[in-house]
Every structure is written in C-alpha cells, then in structure tokens.
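# Close look at the chain arrangement
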Amino acid sequence: MMMMNRRALLGALGACALAQPAAAQADYPNRPIRIIVPLPPGSPPDVLARVVGERLQHEWKQPVVVENRPGATGMIGLDAVAKAPPDGYTVGIMFLTHTVLPALFGRTPYDTQRDLAPLANLAWLYNVLVVPANSPARSVRDLVQRAGAQPDALTYGSGGIGSPAHLLGAAFCQTTGTRMLHVPFKGPSESVQGLLGGQVDAMFATTSVAVPMVRGGKLRPLAVTSPARLAALPEVPTIAESGITGFEIREWEGIVAPAGLPAALVDRWSRALARIMSQQEVKDRLLDLGMTAAEPDTPAAFGTLIGSELAYWSKLVKSAGLKAQ
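Residues numbered from 1 in each chain as written. Predicted model: local features only at pLDDT ≥ 70, side-chain atom pairs only at ≥ 80, totals over all residues. Heavy atoms only, no water.

### Description of the packing of helix H2 (residues 44-60) against helix H10 (residues 280-288)
One can describe the packing of H2 onto H10 by two numbers: an axis separation of 11 Å at closest approach and a directional angle of 165°. Considering the angle they form, H2 stands roughly antiparallel to H10. Considering only the axes of H2 and H10, their crossing is right-handed. Residues Leu48, Val51, Glu54 and Arg55 of H2 pack against Glu281, Val282, Arg285 and Leu286 of H10. (Axes fitted to C-alpha atoms, helices over the stretch in contact; angles between N-to-C directions. Helix = DSSP H or I, 4+ residues; strand = E, 2+ residues; numbered from the N terminus. Parallel < 35°, antiparallel > 145°, perpendicular 65-115°, else oblique. Left-handed = near helix turned anticlockwise from the far one by under 90°. Contact = heavy atoms within 4.5 Å.)

What follows is the structure, encoded as structure tokens:
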C-alpha cells in the first residue's frame, strides 16, 4: 500500500512538473519583455525595436524594454540573447552582419543556427551608392572604370569591419571585378563625415542618411541597391539599371529568441509580429525611417533566409579574402 502511495505521489509530482511550463505559457506574458539590440541607441535596429516594442506593449499589456548591448560588431548583444532563458521574455534584433561574422572571425561566442530561434524577419533596408558632390564619377560606370584603371587607388568607407557598408562595398568590388581599398571608421556617422571630408571616394549609405544629404547637395547618388527605384530618389537608377548584374543584396533586420523556445511561444510571437508589421501605420513609419516592412512570413522562412545568408557571405568572405582586423 505504501509503495502504491509512493508511486502515486511521484506520478502526481511529475504531472505537476509537466504542467508548470504549460501553465506558464497559458498566461504568457505576465511580466516585462526585453528586446536586446546589439547596436547603440538611434541605430536602425534600435529604432525598429522601439517601433515594434511600442506595439507589443499595447497588444500584450506588459512593459517592453529595449536594452542596447553594443560591442564586438554586434556579437555581444546576440550572445546575450543566445544565453538567455528560452522563456519568451528575452528576444533580440538580428541583422545581416550577424550572418557574416562566423566567416569573418572564424568563430563567434554562439552558433548562429544552433543557439538562436528565428521568429520573424521584420524589415528590409536599402542603400545608396554615393560619392562626394565634387567627385568626377557621375555614374556607376564612371566609378567602375576609374577603379578598374587604378586598382586599390580608390577607396570606400564604412562604419567598421563587417558593417553593412563594408559588406556591400566588398560585394560590389567582387561583382564588378574591381579593387577598391576599404577604409573602416569607428561608426556610420564617422564614415559619412569621412566621405564628406574627402577621406574616401565612395560608400554605401542607408537611405535615411543618404537622402537628406543628396537633397542638400552634399553627396551625389550613383545608384540604389533596391530592386526598383526608390520613391525618395526617383531619378537615381538601381544597380541593375546601371549595368551591374548579380548584385542583389539588401539589408534585413529580424527578431530571434534563444533556442529551445517552446513551439507555442514561437507561434505566439510570430503571429503578434505579423499583425504588427501588417499595420499601415507601422509600414508608413518605417518608410519614413528608410525601411520597408517585410511581408509576414513563418519562423521557418526566416530561418531559411538566415541559412542562405550564412552560405552566401561565407563564400564571399573567402573569395574576396576579407579578414577581421
């Protein structure tokens, strides 16, 4: 009889243990949520996180805190996400650079595919290939011809090793068969100032940075990286229209969680993010910030995007001989 009671007790305790996670998921969320951004305040990922966090807070009736954890080209912030409990209360912004870092550095503190659970791609960002207003290059063809005639004589700037501007510049040289010298600065703002000051010959700048300076006559746009011309710069051709084929690169920013997040919570996040990104007000706000809201998709589709980006950039890093410095 005592053995029967012990077995019954153990069974009841086991059932309670199994029920606790389910119960926790049923009333989720019941405390503040944290969105980790691997870059400083004011950066595109930070702005995106705050737009989404504001909507999540309204929908889930819980505080959503944006925590900036910059450093190590974005690895510090994403490592914090990977090592957080997989309970749905910590997520992070992941962007294009994170799929280049494993190849660029050889290893990262986390495994991009094993330690992170993709939730949704949120936005696309496009860039403008710009030169100083007094540059002799008036088109992409001009720039390519000059770079071809003087290997490593022309320079392109970026906000640092592995930054989107660096990657786009490297891919541009690879695609056009030219050699331009990469000049990394300490951040995007410094790289733009370097371009304005004539320290570099060209760079890929985000639309939010490029458009005001183009309109103000400080920079000359040569092409945009978007599939079609941008409404903000309708007179500027795309890279493809400029005669460069095979250059189909666009920045993306999405949300990931620690691996092991229960399927029910993955689904809940996915559905909430899809609703938010479908709101016209959110789409319009992102457009004002130089971003295009991504069409709602599944976590699996975002995972496929991450996998394809890892493969693409691994190949480019090796073929172009890129190295972390």
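### So, the packing of aromatic side chains
Tallied over the entire structure, the rule returns eight aromatic pairs. For the ring pair Trp252 and Phe302, a centre distance of 5.8 Å and an interplane angle of 85° mean the geometry is edge-to-face. You can see Trp252 sitting in strand E10 (residues 251-258) and its partner Phe302 sitting in helix H11 (residues 299-320), a full 50 residues away along the chain. Across this residue pair, the class does not change: Trp252 and Phe302 are buried. An aromatic cluster of three or more residues is present, and its members are Tyr28, Trp60, Tyr89 and Trp269. A cation over an aromatic ring shows up here: Arg31 above the ring of Tyr89, its NZ or CZ 3.7 Å from the ring centre. Cation over ring: Arg250 sits above Trp124, and NZ or CZ is 3.6 Å from the ring centre. (Phe/Tyr/Trp six-rings, centres within 6.5 Å; stacked < 30°, edge-to-face > 60°. Buried < 20%, exposed > 50% of the residue type's maximum accessible area, 1.4 Å probe, protein only. Lys NZ or Arg CZ within 6 Å of the ring centre and 35° of its normal.)

### Side note on helix H6 (residues 164-176)
Taking 1.5 Å per residue as the helical rise, H6 with its 13 residues ought to reach 18 Å, and the 18 Å between its terminal C-alpha atoms agrees with that figure. Across the 13 residues that make up H6, a large majority, 11, are buried. Of all the residues in H6, the buried ones are Pro164, Ala165, His166, Leu167, Leu168, Gly169, Ala170, Ala171, Phe172, Cys173 and Thr176. (Expected span 1.5 Å × (residues − 1).)

### Some points on the sheet that holds strand E4 (residues 116-125)
Strand order in the open sheet formed by six strands is E2-E1-E3-E10-E4-E11, with mixed pairing between adjacent strands. Both edges of this open sheet fall to strand E2 (64-68) and strand E11 (291-293), since each of them pairs with a single strand only. For this sheet the average axis-to-axis angle between neighbouring strands, irrespective of direction, equals 30°. With three bridges connecting them, strand E1 (residues 33-37) and strand E3 (residues 90-95) associate as parallel partners. Opposite Arg34, over in E3, you have Thr90 as the bridge partner. Against the sheet, H2 engages E1, E2, E3, E4, E10 and E11, with an angle of about 165° to E2. Across the sheet, H10 touches E4 and E11, and the angle it forms with E11 is around 160°. (Pairing = 2+ DSSP bridges.)

### Some points on unusual backbone geometry
Most peptide bonds are trans, and most residues other than glycine sit at a negative phi. Tyr28 connects to Pro29 through a cis peptide bond whose omega is -5°. Non-glycine residue Ala72 carries a positive phi angle of around 55°. Along the chain, Ala72 falls in the loop between E2 and helix H3 (75-82). Judged by its relative accessible area of 41%, Ala72 is partly exposed. For Thr73, which is not glycine, the phi dihedral falls at a positive 55°. Within the secondary structure layout, Thr73 lies in the loop between E2 and H3.

### Digging into the nonpolar core
Residues Val130, Leu143 and Phe247 are the most contacted members of the largest nonpolar core, which totals 68 residues. Counting 35 residues, the second-largest nonpolar core is a separate cluster that includes Ala49, Val52, Leu119 and Met277. (Core = buried A, V, L, I, M, F, W, Y, C linked by side-chain atoms within 4.5 Å.)

### A few points about the side chain of Thr206
Its place among the elements puts Thr206 in strand E8 (residues 202-206). Every residue in contact with Thr206, bar those within four places of it in the chain, is listed here: Tyr126, Asn127 and Glu251.

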